[in-house]
Amino acid sequence: GYREGPTEGGASPPQFSHSKPRALEMTGVISGIPERRISEEVCRKYGVTVEFDTTGKISKHHYPYYDSNKNIVQSKVRTVEGKKFYKTGDTSASTLLFGQNTCSGKGKLTVVEGELDVLAVSEMFSGKFDVVSVRNGAGGAKDCIKDNLEFLSSYEEIVLMFDMDEKRRPLI
């Protein structure tokens, strides 16, 4: 599973715990995420689905991860209550960066720390620029960027947009 927990001075970078593999979970419906001001259109672009609890509030987000053939092979699930994460599907599969399947491969690219950041940046710029996130937060950014140099080098300009708290600053 995937989890993020608090640490001294703020949130820690995402961490993986070793747990039993889960079947691919891409349930729910495509809908906006109003508490984050994310439109249904942006969620549709990235294939993000949400689940609702019995009171009609969003309880989970499902973020699809694609392989190089653009098949969904993994998902990262975020529970809204408690901000917990876990991965589903083939977690050993090589995946694209989150959002890479929507990219043109030219012009300007923004690389952010997480999936919700991708949605927020895309919303902020009305989808004009390509946006991706590293797979495992800022803690894994260096390796993730190395693993994706060919894709990244197709862009004329790359903007890195990560949280700048004390814990993450040395990682960037």
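Residues numbered from 1 in each chain as written. Predicted model: local features only at pLDDT ≥ 70, side-chain atom pairs only at ≥ 80, totals over all residues. Heavy atoms only, no water.

Some details on unusual backbone geometry
Non-glycine residue lysine 70 carries a positive phi angle of around 65 degrees. The backbone of serine 126 shows a phi angle near 50 degrees, a positive value even though the residue is not glycine. As for its position among the elements, serine 126 is in the loop between helix H2 (115-124) and strand E10 (130-133). (Helix = DSSP H or I, 4+ residues; strand = E, 2+ residues; numbered from the N terminus.)

Looking at the packing of aromatic side chains
To describe a pair of aromatic rings, one takes the distance between the centres and the angle between the planes. Scanning the model with the defined rule gives 5 aromatic pairs in all. Judged by centre distance (5.9 Å) and plane angle (25 degrees), the ring pair of tyrosine 46 and phenylalanine 98 falls under stacked. Here the residue tyrosine 46 occupies a position in helix H1 (residues 40-46), and phenylalanine 98 occupies one in the loop between strand E8 (84-89) and strand E9 (108-112), the gap between them amounting to 52 residues. Look at phenylalanine 98 and you get buried, because its relative accessible area is 1%. Aromatic side chains tyrosine 63 and phenylalanine 98 sit 5.8 Å apart centroid to centroid with 90 degrees between the ring planes, which places their arrangement in the edge-to-face category. One end of the pair, tyrosine 63, is in strand E6 (residues 58-66); the other, phenylalanine 98, is in the loop between E8 and E9, with 35 residues separating them in the sequence. Its relative accessible area of 1% is what places tyrosine 63 among the buried residues. Directly above the aromatic system of tyrosine 86 lies the positively charged group of arginine 22, at a separation of 3.8 Å from the ring centroid. Here the basic side chain of lysine 108 rests over the ring of phenylalanine 129, its NZ or CZ set 4.8 Å away from the ring centre. (Phe/Tyr/Trp six-rings, centres within 6.5 Å; stacked < 30°, edge-to-face > 60°. Buried < 20%, exposed > 50% of the residue type's maximum accessible area, 1.4 Å probe, protein only. Lys NZ or Arg CZ within 6 Å of the ring centre and 35° of its normal.)

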